Amino acid sequence: MITRPTFRYESRLRRRGARLIAGVDEAGIGPLAGPVVAAAVILPLGFRLRGLNDSKKIGDAKRREYLAERIKGGAVAWAVGQADVREIDLFNVYHAGLLAMRRAVEALPVRPDHLLVDARLIPACDIPQRGIIRGDSLCSSIAAASLVAKTARDALMHELDRRYPGYGFASHKGYPTQQHLHILKELGPLPIHRRTFAPVREALGLVPSQRSLF
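First, a word on what this report is: a plain description of the structure on this page. (Residues numbered from 1 in each chain as written. Predicted model: local features only at pLDDT ≥ 70, side-chain atom pairs only at ≥ 80, totals over all residues. Heavy atoms only, no water.)

### Regarding the environment of G30
- On the secondary structure map, G30 appears in the loop between β1 (21-27) and β2 (36-42).
- For the pair G30 and V148, spaced 118 residues apart in sequence, the C-alpha to C-alpha distance is 17 Å.
- Aside from chain neighbours lying at most four places away, what touches G30 is Y175, P176, R194 and F197. (Helix = DSSP H or I, 4+ residues; strand = E, 2+ residues; numbered from the N terminus. Contact = heavy atoms within 4.5 Å.)

This is how it looks when you write it as structure tokens:
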């Protein structure tokens, strides 16, 4: 049985007076290359979109792109933020993800009354917020943010595929697939590879340094 996200959390906040509620999520924690990308999305009251769900549960890329475009077209506001590879290596990928989330929120053209964040809280953010475990599967605004973040990151990886032909970024998006690991060993790391991640350091002949993602 597939859990469908609802507006249950948004409804509770609206009863308490909140009107502009932003869902926030990120994409790209696990890859060996490329940035972490986050999105913040404010959906209007009564927004409905057939098939809206956590981006990880939608396997078809064209379907994700279609849903993301419908979300952006119907949203009160939306924005994307990212943390680059240098920041991932400097802060670790978990904290870089939080940085990307904060940047997405700060990029919104309107200030939200409240944030609903997938599984965590955003530091150095003065907007009231709530972290929801499995929020991208339970909360419509977080599911919307997950789709916008995922499709934005995929588009960036397609650009990087054109910039760095032969690495297959358009197909594996930087994730540690067998194809990517093989190419990494054959051709070596690029500037967009995360040098604190063990497979990349191994390809460089270095000792792994980032043993934990968090």
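There's more to say after this.
### Here we look at the state of the cysteines
- A complete count under the given rule lists zero disulfides for this structure.
- Here C139 stays free of any disulfide, with the sulfur of C125 as its closest cysteine sulfur at 16 Å. (Disulfide = S-S within 2.5 Å.)

### Description of the environment of V24
- Summarising the element assignment, V24 is placed in strand β1.
- Take V24: its relative accessible area is 0%, and that puts it in the buried class.
- Measuring from C-alpha to C-alpha, the distance between V24 and V93 comes to 17 Å, with 69 residues separating the pair along the chain.
- In this view, V24 contacts A39, A40, M101, V105, L115, L116, V117, D118, I122, I142 and A145; residues no more than four positions away in its chain are not counted. (Buried < 20%, exposed > 50% of the residue type's maximum accessible area, 1.4 Å probe, protein only.)

### Re the packing of aromatic side chains
- Tallied over the entire structure, the rule returns one aromatic pair.
- Taking the centre distance of 5.8 Å and the plane angle of 5° together, the rings of Y167 and F169 count as stacked. Across this residue pair, the class does not change: Y167 and F169 are buried.
- One residue, R8, lies across the ring of Y9, its end atom 4.6 Å from the ring centre. (Phe/Tyr/Trp six-rings, centres within 6.5 Å; stacked < 30°, edge-to-face > 60°. Lys NZ or Arg CZ within 6 Å of the ring centre and 35° of its normal.)

### Considering the sheet that holds strand β4 (residues 114-118)
- Judged by pairing direction, the sheet is mixed, and its five strands sit side by side in the order β3-β2-β1-β4-β5 without closing on themselves. Because the sheet does not close on itself, it has two edges, and the strands there are β3 (77-83) and β5 (129-132). In this sheet, adjacent strand axes meet at a mean angle of 20° when their direction is disregarded.
- In terms of strand pairing, β4 meets β5 through four bridges, oriented parallel. Within the sheet, the bridge partner assigned to L115 lies in β5 and is Q129.
- The sheet strands contacting helix α4 (residues 93-107) are β1, β2, β3 and β4, and the helix crosses β3 at an angle near 145°.
- On the sheet, helix α6 (residues 140-163) packs against β1, β2, β3, β4 and β5 and is oriented at approximately 40° with respect to β1. (Pairing = 2+ DSSP bridges. Axes fitted to C-alpha atoms, helices over the stretch in contact; angles between N-to-C directions.)

### Side note on the environment of A75
- In this structure, A75 sits in the loop between α2 (61-74) and β3.
- Those residues within four positions of A75 in sequence are excluded, and the remaining contacts are V41, I42, L43 and P44.

### Some thoughts on the pairing of β3
- Only one face of β3 is covered, namely the face carrying A77, A79, G81 and A83; the face carrying W78, V80 and Q82 is uncovered.
- As paired strands, β2 and β3 are joined by seven bridges and run antiparallel to one another. Bridging from a neighbouring strand, A38 pairs with G81 of β3.

### What to know about helix α1 (residues 8-15)
- Taken as a whole, α1 has its buried residues at Y9, E10, L13 and R14. Burial along α1 is one-sided: seen end-on, the buried residues are contained in an arc of 135°.
- Lining the buried residues of α1 we find β1, β4, β5, α5 (135-138) and α6.
- Two residues or fewer past α1, G17 is found with a positive phi of approximately 110°. (Arc of directions from axis to C-beta.)

### Side note on the nonpolar core
- Formed by 29 residues in total, the largest nonpolar core has its most connected members in V24, M101, V105, L108, L115 and I122.
- Every element with two or more residues in this core is listed here: β1, β2, β3, α4 and β4.
- Here this core gets eight residues from one element, more than from any other, and that element is α4.
- Residues in contact with L115, not counting those within four places in the same chain, are A22, V24, V105, I122, C125, I127, P128, Q129 and R130.
- Core analysis: the next-biggest nonpolar cluster, separate from the first, contains 18 residues, F7, L49, A145 and V148 among them. (Core = buried A, V, L, I, M, F, W, Y, C linked by side-chain atoms within 4.5 Å.)

### Some words on the pattern of salt bridges
- If you walk through the whole model with that rule in mind, you get 10 salt bridges.
- The partner of D136 in a salt bridge is K56, with the nearest N and O atoms 2.8 Å apart. A residue pair is termed long-range when its members are at least 10 positions apart, and D136 in helix α5 and K56 in the loop between β2 and α2 qualify at 80 residues.
- A relative accessible area of 5% means that D136 is categorised as buried. (Salt bridge = Lys/Arg side-chain N within 4 Å of Asp/Glu carboxyl O.)

Keep in mind that these numbers describe shape and distance, not what the molecule does.
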